[in-house]
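# Inside the fold
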Amino acid sequence: MKNYILYIGDFKSSRKDAEFQLVLGNAYLFQEQGYSVAFVGNDQALVSKNEIKTKYEDFIIHNLDYKKNGADIKNIFKLHKQLVALIRIYDPSIICCYGSLSLSVHLFLLKCYCKRHNIKFVVNCVDLPLINNGSIISKIVRKCDRFLRQFIYKNSDGLIAVSKYICRKINVRGAEVVIPPVRKNYKQDYITKKSDLPSFMYAGVPFPLDGRKISNGCYKDRLDKVVEIFSRLESKYDFIFDVYGISLDEYTKVIPQHKNILEKSRCIHFHGKISKEMCDEMIVKHDFMVLLRDENRTSLAGFSTKVVDSISLGTPVILNPIGDVAEYLKDKYNSIFVSNISLDTSLLEFESILSMKQSDIALLKNNCKKENPFYYRNFSKKTELFFREVLEKKV
C-alpha cells in the first residue's frame, strides 16, 4: 500500500476538536495528491468504549490505548510496538506526525524506524509553546523534551508548518511548506441573525482552567481585554457579546476582578462549553468573531482555527493581525484589523465598529462567503511540490 500516508498525532476525532479539524483539512489535501490517508490518534473516550478502530467519512481512524500522562510514560515502548504493527499493515510511503503522542523520545524511535524501512518521515508543526509554569523539575524535563523535538523536526524529511515563523525557527534540512488550517467545505446558509443588535462572539478557552498560574501576557487569547472593552462601551451602545467554550464561573476564577462587572453586565453573556456543530451555528448567526492576542512566540507561531472556521462560515473576524494572518485576510474586506490591544486605542476602534450600518456588515459577510482564503484546494499546488521534494530527498 505504498500510496498511503499514516497521519499520527494527539487528536481526538470523537470531539471533533481543533486538532482533528486541522489534520482533517490536511488529509483532504493529501488525497488530492493521490494518497490514501489513515489516522492514528489518542482518543481515550473511544478507547474506553472499545472503539479502537473507527471511521470518519472515507478515513479509517485508529485510537491507541495510551494515556498521555506521567504515570504512563514508562509505556513508550508499548506505544511504539502498537504503531509498528499498524505501519506494517498499511506499508505507507510517508508517515506524518502531528505533534507527538508522548514525549519526544517516542518521535525519535519512530523517526529511526522510518529511516531503517525507507519511509519518509514528515512532521506537522502548529505551535512553539512557551514553558512558563510548573516546578523547576517539570520545566527542565519539558525544555529537554522541546530541544529533542526541535532536533527531530529539523532533521525530518519534510515540515508542514502553519506559519513562516515556525519555518524560520526550525530551519528544517528537508522540504518545507506553509499551510494554514484549511477547510474542505462549509455550508454557508443564511441563518436568521441572533439579534437585530450588533452581535459579537468569542469561542475557545483563552487560558488554562486547571489552576496553573501564568501571566496574562501568556494567555492564548486576550478575552479579558475584550471583556474590558465591551464593559466600557455597554453604557453607550446596545450590542451582544456571547462567549462560548468557557463558563462565567471558570472565567472569574482566573480573572476574579471581572466578577462584579460581568454579574451586572447586560450585554456580555457566557455560555460555557458547546458542541462543534452548535459553535458553527452560532458563528453563522453572529456579525463578528472577536480574537485579540498578545504578540509573543506562541501567537507568532500559531494560526487560530477559529479565524479559519469563522471566515469559512461567512462571518468576518475582528483581530489584531499577528503572524501570517494578514496574508490571508484583508482589512475591511473580510475582517477588521485593530491596530493593537491597548485599552484606549481599542475603545476608539470598537466604537467605530459599533457604529457600522448593518448593510456594511452584510457586505463583509458576503465577501467571506464568495471567497474563502482557507479553501483546501487553494493549497494543492504547494502541497504537490512539497511531496515531490520529500520523495526526492535521499533517506
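For the structure, check the block above.
What comes next concerns the included structure. (Residues numbered from 1 in each chain as written. Predicted model: local features only at pLDDT ≥ 70, side-chain atom pairs only at ≥ 80, totals over all residues. Heavy atoms only, no water.)

So, about the overall build of the chain. Of the regular secondary structure elements, the chain holds 15 helices and 14 strands. Over its C-alpha atoms the chain spans a radius of gyration of 22 Å, differing by no more than 12% from the 21 Å that the globule rule assigns to 395 residues. Overall, the chain is about 65 × 45 × 40 Å in size when its C-alpha atoms are taken along their principal axes. Classification of the 395 residues of the chain by burial places 55% in the buried group. (Helix = DSSP H or I, 4+ residues; strand = E, 2+ residues; numbered from the N terminus. Rg over C-alpha atoms; globule rule 2.2 N^0.38 Å. Buried < 20%, exposed > 50% of the residue type's maximum accessible area, 1.4 Å probe, protein only.)

This part covers the packing of aromatic side chains. Counted by the stated rule, this structure contains 28 aromatic pairs. Measuring from centroid to centroid gives 5.1 Å for Phe-200 and Phe-230, while their planes differ by 50°, and the two rings are tilted. Of the two residues, Phe-200 is situated in strand 9 (residues 199-203) and Phe-230 in helix 7 (residues 223-233); the sequence distance between them amounts to 30 residues. Take Phe-200 and Phe-230: they sit in the same class, and that class is buried. Geometrically, the ring pair formed by Phe-200 and Phe-288 is stacked, given 5.6 Å between the ring centres and 15° between the ring planes. In this pair, Phe-200 is assigned in strand 9 and Phe-288 in strand 12 (residues 288-291), connecting sequence segments 88 residues apart. Each of the two residues, Phe-200 as well as Phe-288, counts as buried. A cation over a ring is seen here: Lys-330 above Tyr-333, with NZ or CZ 5.1 Å from the ring centre. (Phe/Tyr/Trp six-rings, centres within 6.5 Å; stacked < 30°, edge-to-face > 60°. Lys NZ or Arg CZ within 6 Å of the ring centre and 35° of its normal.)

Let us look at the side chain of Ser-156. Turning to its location among the elements, Ser-156 is positioned in the loop between helix 5 (136-154) and strand 7 (158-161). Reaching out from Ser-156, the side chain makes a polar contact with the backbone oxygen of Tyr-153 at a distance of 2.8 Å. Not counting residues up to four positions away in its chain, the partners in contact with Ser-156 are Lys-111, Phe-121, Val-123, Val-172, Gly-174 and Lys-393. (Polar contact = N/O pair within 3.5 Å; in protein donor to acceptor, adjacent residues only side chain to side chain. Contact = heavy atoms within 4.5 Å.)

What follows concerns the environment of Glu-349. With respect to the helices and strands, Glu-349 occurs in helix 13 (residues 343-354). Separated by 69 residues in sequence, Glu-349 and Asp-280 have C-alpha atoms that sit 26 Å apart. Excluding its chain neighbours within four sequence positions, the residues that come into contact with Glu-349 are Val-338, Ser-339 and Asn-340. There is a polar contact of 3.0 Å between the side chain of Glu-349 and the side chain of Ser-339.

On to the environment of Val-40, then. Looking at where Val-40 falls in the secondary structure, it is placed in strand 2 (residues 36-41). Once you skip the residues sitting within four places of it in the chain, Val-40 turns out to touch Leu-6, Tyr-7, Ile-8, Gly-9, Phe-11, His-62, Leu-64, Leu-83 and Leu-86.

In short, shape yes, function no, at least from these values alone.
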